[in-house]
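Listed below, chain by chain, are the residues.
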Amino acid sequence: MTDLFEGSTVIPVPLTGPVVVTGTDTGVGKTIVTAAIAAAATAAGLSVGVVKPAQTGTADGDEPDARTVARLAEPASVRTLADYPDPLAPLAAARVAGEDALTAVMAQLAIRGVADHHDLTLVEGAGGLLVPMGEGGWTVLDLAAALDATAVVVARAGLGTLNHTALTLEALARRGVPALVVIGAWPAEPELVHRTNLADLPGELAGAVPDGAGALAPELFRREAPHWLAPQLHGRFDPVAFRSHSK
């Protein structure tokens, strides 16, 4: 395995400032991981702001991501910059809806404004790292680089995660964005593929959120969240012990 994405940048313990939560794909658990980080940091006494640059699929009637984070974690503030009815990549969703797409400058200014008033600002992307987010096709990778942010890469536990995680980390490393990896939904009864993936998963493992955590009562979610995340993310998760226990 190449060491390109191991990186030489030291990630502060614990993280403050802007942190971009991205994923290896859509549906990997970014929103629940964002909520878990927000809950753990809030429990540690930090003022946490959460920004969702673009929410799509609002016509489906599902709970918006920002509302899920607010309900589970109760951070100091939660904000969505743009929302579109169709469940598409944000740039395509804006085009189909006939609405103006979010510009990179608008997103950066809004996030910096939130960051000025909070200790930690979590920015939850849409889909994977290179999904077109707005005008000109800017991506979450572009946003992370512009903000000098650390990235949290939310990865699957199952088949395909090694390739997807390695590609995501390599793209981040090429832009000089330091990154941590969190497993978005670790099964209660891991199978062989989950255990072997855990042993070979690239990058720095900084957490594993249990599958189904988003269905927990908010009070229980907030109490348990620090156990799922490493000290960089304001928790008490030990990746060495987790990997050993999961063999």
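## With respect to the packing of helix α4 (residues 104–115) against helix α5 (residues 140–147)
At step 1: Direction vectors running N to C along α4 and α5 enclose 50°, while the axes themselves pass 11 Å from each other. By the angle between their axes, α4 is oblique relative to α5. With respect to the hand of their crossing, α4 and α5 are arranged in right-handed fashion. Between α4 and α5, the contacting residues are A107, Q108, I111 and R112 on the first element and L143, A146 and L147 on the second.
At step 2: Residue classes in the contact of α4 with α5 are distributed as five nonpolar, one polar and one charged.

## Concerning α5
At step 1: Considered for burial, the residues of α5 that qualify are V140, L141, L143, A144 and L147. Buried residues along α5 cover an arc of 160° about the axis, so they all sit on one side.
At step 2: Among the structural elements, β1 (17–23), β2 (48–55), α4, β4 (120–124) and α6 (161–174) are those in contact with the buried residues of α5.
At step 3: Of the residues flanking the start of α5, the one acting as N-cap is T139, its side-chain oxygen 3.3 Å from the backbone nitrogen of L141.
At step 4: Positioned one or two residues after α5, D148 has a phi angle of 55°, which is positive.

## Structural notes on the sheet that holds strand β7 (residues 205–210)
At step 1: Here seven strands make up an open sheet; going across it, the order is β3-β2-β4-β1-β5-β6-β7 and the pairing parallel. What marks the edges here is a single partner per strand, and that holds for β3 (77–83) and β7. Across this sheet, the average inter-strand angle for adjacent strands is 20°, counted without regard to direction.
At step 2: Summarising the sheet, β2 and β4 pair through four bridges and their orientation is parallel. Across the sheet, the residue bridging to V48 is L120, located in β4.

## Quick notes on the environment of L120
At step 1: Inspection of the secondary structure puts L120 in strand β4.
At step 2: Assessed through its relative accessible area of 2%, L120 is described here as buried.
At step 3: Between the C-alpha atom of L120 and that of N163, which follows or precedes it by 43 residues, the distance is 30 Å.
At step 4: Ignoring sequence-local partners within four residues, the contact set of L120 consists of L15, T16, G17, V19, I37, A41, L46, S47, V48, G49 and H234.

## Some thoughts on the pairing of β4
At step 1: For β4, the tally of buried residues reaches five of five residues, placing the bulk of the element in the interior.
At step 2: Relative to β4, β1 runs parallel, the two sharing five bridges. Its bridge partner lying in β4, V21 is registered against E124.

## Some details on the layout of surface pockets
At step 1: Space inside the largest pocket adds up to approximately 560 Å³.
At step 2: Around the largest pocket, the lining is made up of 28 residues, and of these T26, K52, Q55, T56 and D65 lie nearest the centre.
At step 3: Only α1 (30–43), β2 and α2 (65–73) provide two or more residues apiece to the lining of the largest pocket.
At step 4: The residue inventory of the lining of the largest pocket, partitioned by class, reads 10 nonpolar, 11 polar and seven charged.

## Overview of unusual backbone geometry
At step 1: In this chain, V13 is followed by P14 through a cis amide linkage whose omega measures -5°.
At step 2: The backbone of E74 shows a phi angle near 50°, a positive value even though the residue is not glycine.
At step 3: Mapping E74 onto the fold places it in the loop between α2 and β3.
At step 4: E74 gets classed as exposed once you look at its relative accessible area, which sits at 52%.
At step 5: Non-glycine residue H234 carries a positive phi angle of around 70°.

Calculation rules
Residues numbered from 1 in each chain as written. Predicted model: local features only at pLDDT ≥ 70, side-chain atom pairs only at ≥ 80, totals over all residues. Heavy atoms only, no water. Axes fitted to C-alpha atoms, helices over the stretch in contact; angles between N-to-C directions. Helix = DSSP H or I, 4+ residues; strand = E, 2+ residues; numbered from the N terminus. Parallel < 35°, antiparallel > 145°, perpendicular 65-115°, else oblique. Left-handed = near helix turned anticlockwise from the far one by under 90°. Contact = heavy atoms within 4.5 Å. Nonpolar A, V, L, I, M, F, W, Y, C, P; charged D, E, K, R; others polar. Buried < 20%, exposed > 50% of the residue type's maximum accessible area, 1.4 Å probe, protein only. Arc of directions from axis to C-beta. Polar contact = N/O pair within 3.5 Å; in protein donor to acceptor, adjacent residues only side chain to side chain. Pairing = 2+ DSSP bridges. 1 Å grid on protein atoms, 1.4 Å probe; cavity = no way out; pocket = protein on both sides within 12 Å on 5 of 7 lines; lining within 4 Å. Points joined across faces, edges and corners; volume = space filled by probe spheres on them.

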